[in-house]
Amino acid sequence: MPLWLQAGLYGLLAGLALVVGAVTGCFVPIKQRVVAGIMAFGSGVLVSALSFELMGEAYERGGFDATVVGFLAGAAIYTFANWVLAKQGAKHRKRSGKQQPSESEESGSGMALAIGSLIDGIPEAMVIGISMIAGGAVSMVALIAVCLSNVPEGLSSAVGMKNAGRSKAYIFGVWGSIALILGFASLAGYTVFSGLPDDVIAATTALAAGAILAMVSDTMIPEAFEQAHNMTGLITVLGFLVAFVLSHL
């Protein structure tokens, strides 16, 4: 199977983890505290993956300059995009409570939620494709980390969408579409960057890491802490530890 196709399928797999979470959130009654705990675990997994996989890979390829510039740029771009979307009604897109506005309460918030969820996932998907450039094989740690974190993301956001009165057709349409787009994003990560210099690949990898860390800080950890409170830190550490062990096996 061609590597570009493998990259696309791996990205699609990561996107389907969001769909699995959304289906679970819509059909399985789960207490908000449990959802928050799963979200905290996913946050720890992502922080570990970006620390040991993405930033390490970026530094080895491009040194401090490319890594620092990319990391800060990723965080800045995501923060600005998140701020714009928050103004349109997507501020609480990862929340499982009743914080998400309905379409009647805030017109256009549904589209903002969908775009916000897509922006959250694209950096992770691109990293999966980029990870295949060096050795022709996907970074299994990065793939597992993204899948483990996407399930609680999809679960929590879908519960919030349902509480806001959005239909199951809308919810599954959003996450199904995002899963397909993430497949193309991973494919693009491999095909577009394969022939580029190491500094560019390093900066892009670090950019994705910065965007992911900003996303975790802005959306995932606040949702986890709101319900899990004092247990958030411990559960996040457990998620970090699981990803750390995977990266060293």
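An unreviewed UniProt entry annotates the protein chain as ZIP family zinc transporter originating from Pontibacter actiniarum.

An account of empty space enclosed by the protein is requested, with residue identities and associated values reported.
Counted according to the given criterion, the structure contains two cavities of 30 Å³ or more. A volume near 60 Å³ is recorded for the largest cavity. Looking at the lining of the largest cavity, the elements with two or more residues in it are helix H2 (32-90) and helix H4 (140-163). Per-element accounting of the lining of the largest cavity gives the leading share, four residues, to H2. When grouped by side-chain class, the residues that make up the lining of the largest cavity number nine nonpolar, no polar and no charged.

Tell me about the packing of H4 against helix H5 (residues 168-193), and name the residues and values.
In a pair of packed helices, the angle between the axes and the distance between the axes together describe the arrangement. H5 packs onto H4 with a crossing angle of 150 degrees between their chain directions and a minimal axis gap of 10 Å. Regarding the angle of H4 to H5, the classification is roughly antiparallel. Considering only the axes of H4 and H5, their crossing is right-handed. Counted together, Gly154, Ser157, Ala158, Met161 and Lys162 of H4 and Tyr170, Ile171, Val174 and Trp175 of H5 form the full contact between these two elements. Considered class by class, the residues forming the contact of H4 with H5 number six nonpolar, two polar and one charged.

Just give me the short version of the nonpolar core, but keep the residues and values in it.
Residues Leu46, Leu54, Ile212, Met215, Val216 and Met220 are the most contacted members of the largest nonpolar core, which totals 21 residues. Secondary structure elements with two or more residues in this core: H2 and helix H6 (198-228). In terms of residue count, the dominant contributor to this core is H6 (11 residues). In contact with Val216, not counting residues within four places along its chain, are Ser43, Leu46, Val47, Ile221 and Pro222. In terms of nonpolar packing, the next biggest core, distinct from the first, is built from 14 residues, Ala7, Ile128, Ile130 and Ile133 among them.

Before we move on, can you summarise the packing of aromatic side chains with the specific residues and values?
Under the counting rule described, the total for this entry stands at five aromatic pairs. Ring plane angle 65 degrees and centroid distance 5.7 Å describe the contact between Phe52 and Phe240, whose orientation is recorded as edge-to-face. Of this pair, Phe52 sits in helix H2 while Phe240 is found in helix H7 (residues 232-248), placing the two residues 188 residues apart along the sequence. Looking at Phe52, the relative accessible area reads 37%, which means it is partly exposed. Every member of this aromatic cluster is reached through a ring pair, and the members are Phe52, Phe240 and Phe244.

What counts as what
- The residue numbers shown here count from 1 along each chain, following its written sequence.
- Reporting in this predicted model follows two pLDDT cut-offs: at least 70 for local features of residues, and 80 or more for side-chain atom pairs to be given and counted; totals over whole chains, interfaces and linings ignore these cut-offs and use all residues.
- As a rule here, side-chain values cover all heavy atoms of the structure and leave hydrogens and water aside.
- Buried and open spaces are told apart on a 1 Å grid over the protein atoms alone, a cavity being a set of points where a 1.4 Å probe fits but cannot get out and a pocket being an open set with protein on both sides within 12 Å along at least five of seven lines. Residues with an atom within 4 Å of a point are the lining residues.
- Grid points are joined across faces, edges and corners, and a volume is the space filled by probe spheres set on the points.
- Numbered from the N terminus, helices here are DSSP runs of H or I no shorter than four residues, and strands are runs of E no shorter than two.
- Side-chain classes are defined by residue name, with Ala, Val, Leu, Ile, Met, Phe, Trp, Tyr, Cys and Pro counting as nonpolar, Asp, Glu, Lys and Arg as charged, and the others, Gly among them, as polar.
- Every axis corresponds to a line fitted to the C-alpha atoms, with the helix fit spanning only the stretch in contact, and the corresponding angles, defined between N-to-C directions, vary from 0 to 180 degrees.
- These descriptions rest on fixed angle ranges, namely under 35 degrees for roughly parallel, over 145 for roughly antiparallel, 65 to 115 for roughly perpendicular, and the rest for oblique.
- In a left-handed crossing the near helix is turned counterclockwise from the far helix by less than a right angle, and in a right-handed crossing that turn is clockwise.
- The contact definition used throughout considers only heavy atoms, calling two residues in contact when any of these lie within 4.5 Å.
- We define a nonpolar core as any set of buried Ala, Val, Leu, Ile, Met, Phe, Trp, Tyr and Cys residues linked to one another through side-chain atoms lying within 4.5 Å.
- Summary of the burial criterion: residues with accessible area below 20% of their type's maximum are buried, those above 50% are exposed, and those between are partly exposed, where the area comes from a 1.4 Å probe applied to protein chains only.
- Here a pair means two rings of Phe, Tyr or Trp (six-membered ring of Trp) with centres within 6.5 Å. Their orientation is stacked below 30 degrees between planes, edge-to-face above 60, and tilted elsewhere.

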